[in-house]
Amino acid sequence: MEQELNAYLERVDRCLKPMSAWERVDIVQEIRSEILELAEQGLGAGAIIERLGAPRELAAAYLRDAIVKNPRFSWRRLGAVVAFYSLAGLGGMIVLPATSIMAVTFMLCGALVPAMALLSLAASLVGIEVPWMVMQLGSWTMPPLMAFPVAVVVGLLLLLAGVGMWKVTVGFVRLVGEKRRSL
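Residues numbered from 1 in each chain as written. Predicted model: local features only at pLDDT ≥ 70, side-chain atom pairs only at ≥ 80, totals over all residues. Heavy atoms only, no water.

**Topic: the overall build of the chain**
Line of reasoning, step 1. Scanning the chain from N- to C-terminus turns up seven helices and two strands.
Line of reasoning, step 2. Of the regular secondary structure in the chain, the N- to C-terminal order runs α-α-α-α-α-α-β-β-α.
Line of reasoning, step 3. Across the chain, contacts joining residues at least 24 apart in sequence account for 69% of those joining residues at least 6 apart.
Line of reasoning, step 4. Carbon together with sulfur atoms contributes 66% to the accessible area of the chain, which is approximately 11000 Å² in total. (Helix = DSSP H or I, 4+ residues; strand = E, 2+ residues; numbered from the N terminus. Contact = heavy atoms within 4.5 Å. Areas by Shrake-Rupley, 256 points an atom, 1.4 Å probe, with all protein chains shown as cover.)

What follows is the structure, given as structure tokens:
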């Protein structure tokens, strides 16, 4: 395979770094197979690269497919969203970081709020007062026994908000990918 095509494949691989190694290998192998088929049809390196498009755009399409294919949250998927964001251009400069950060923050707070309330409840049961772990409504301080179920409900609502923001992130990635395909 020509040096120009190998360099093309290396640039695609670099853009796919947030994906697992086996996913990158599969994608690069798939592109290499496509290149070989195009070469057998008599196309030169320049024509093959022109047909495949810019390496960044091709990598962005694969990142988009990886994100949309499995929309559940994971740190690896968040890395793919960040990489897609860097390739998505100006449209994603505000939306993707905002929705991704809110999703992670809401999910973390959804886990921390009930955990802190449980810790406060346990501390109060053994007679320890923890002044920085209290739930207040105005000037009224909620007793720890009452605060725990409220914290569980608030935690679930925050977790649902985080999941919702993650779905907004994945939806935006899908939308940007479809718009790019139609261009």
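Structure shown, so let's carry the discussion forward.
**Topic: the packing of helix α1 (residues 3-15) against helix α2 (residues 21-40)**
Line of reasoning, step 1. Two numbers describe how α1 lies on α2: the axes approach to 10 Å, and their chain directions differ by 150°. When the interaxial angle is binned, α1 and α2 end up roughly antiparallel. The hand of the α1/α2 crossing is right-handed. For the pair α1 and α2, the contacting residues are L5, N6, Y8, L9, V12 and D13 in the first and R24, V28, I31, R32 and I35 in the second.
Line of reasoning, step 2. Tallied by class, the residues present in the contact of α1 with α2 amount to seven nonpolar, one polar and three charged. (Axes fitted to C-alpha atoms, helices over the stretch in contact; angles between N-to-C directions. Parallel < 35°, antiparallel > 145°, perpendicular 65-115°, else oblique. Left-handed = near helix turned anticlockwise from the far one by under 90°. Nonpolar A, V, L, I, M, F, W, Y, C, P; charged D, E, K, R; others polar.)

**Quick look at the layout of surface pockets**
Line of reasoning, step 1. Estimates place the volume of the second largest pocket at around 160 Å³.
Line of reasoning, step 2. Lining the second largest pocket, in full, are M19, W22, E23, D26, I27, Y62, D65, A66 and K69.
Line of reasoning, step 3. Partitioned by chemical class, the residues of the lining of the second largest pocket number five nonpolar, no polar and four charged. (1 Å grid on protein atoms, 1.4 Å probe; cavity = no way out; pocket = protein on both sides within 12 Å on 5 of 7 lines; lining within 4 Å. Points joined across faces, edges and corners; volume = space filled by probe spheres on them.)

**Re the pattern of salt bridges**
Line of reasoning, step 1. Scanning the model with the defined rule gives one salt bridge in all.
Line of reasoning, step 2. Linking R24 and D13 is a salt bridge whose minimum nitrogen-to-oxygen distance equals 3.2 Å. A residue pair is termed long-range when its members are at least 10 positions apart, and R24 in helix α2 and D13 in helix α1 qualify at 11 residues.
Line of reasoning, step 3. The buried category is assigned to R24, whose relative accessible area is 15%. (Salt bridge = Lys/Arg side-chain N within 4 Å of Asp/Glu carboxyl O. Buried < 20%, exposed > 50% of the residue type's maximum accessible area, 1.4 Å probe, protein only.)

**Details of α1**
Line of reasoning, step 1. Compared with the 18 Å implied by 1.5 Å per residue over 13 residues, the 19 Å span of α1 between its first and last C-alpha is a close match.
Line of reasoning, step 2. Among all positions in α1, only L5, Y8, L9, V12 and C15 are buried. Across the axial projection of α1, the buried residues extend over an arc of 120°, all falling on one side. Turned more than 90 degrees away from the buried face of α1 sit Q3 and R14, all of them exposed. (Expected span 1.5 Å × (residues − 1). Arc of directions from axis to C-beta.)

**Quick notes on α2**
Line of reasoning, step 1. Between its first and last C-alpha, α2 extends 28 Å over 20 residues, near the 28 Å set by a 1.5 Å rise per residue.
Line of reasoning, step 2. Three or more residues of α2 are buried, namely E23, R24, I27, V28, I31, I35 and L38. Angular distribution of buried residues about the axis of α2 spans 125°; they occupy a single face of the element. Among the exposed residues of α2, those oriented more than 90 degrees off its buried face are W22, V25 and E40.
Line of reasoning, step 3. Just past α2, the residue G42 takes up positive phi, approximately 95°.

**A look at the nonpolar core**
Line of reasoning, step 1. Of all hydrophobic cores here, the largest spans 21 residues; its most connected members are Y8, V12, L16, I31 and I35.
Line of reasoning, step 2. Of all elements in the fold, only α1, α2, α3 (45-52) and α4 (55-69) reach the threshold of two or more residues within this core.
Line of reasoning, step 3. Beyond its immediate sequence surroundings of up to four residues, L16 is in contact with R24, I27, A59, Y62 and L63.
Line of reasoning, step 4. One finds I67, A103, V170 and V173 within the second-largest nonpolar core, a separate group that totals nine residues. (Core = buried A, V, L, I, M, F, W, Y, C linked by side-chain atoms within 4.5 Å.)

**Overview of a negative patch on the surface**
Line of reasoning, step 1. A cluster of acidic residues, D26, E30, E34, E37 and E40, forms a negative patch on the protein surface.
Line of reasoning, step 2. Relative to the assigned elements, E40 resides in helix α2.
Line of reasoning, step 3. Residue classification places E40 among the exposed residues on the basis of a relative accessible area of 71%. (Patch = residues over 30% accessible without salt bridge, like charges linked within 9 Å, V, L, I, M, F, W, Y side chains within 5 Å. Lys, Arg positive; Asp, Glu negative; His and termini not counted. Charge placed at Lys NZ, Arg CZ, Asp CG, Glu CD.)

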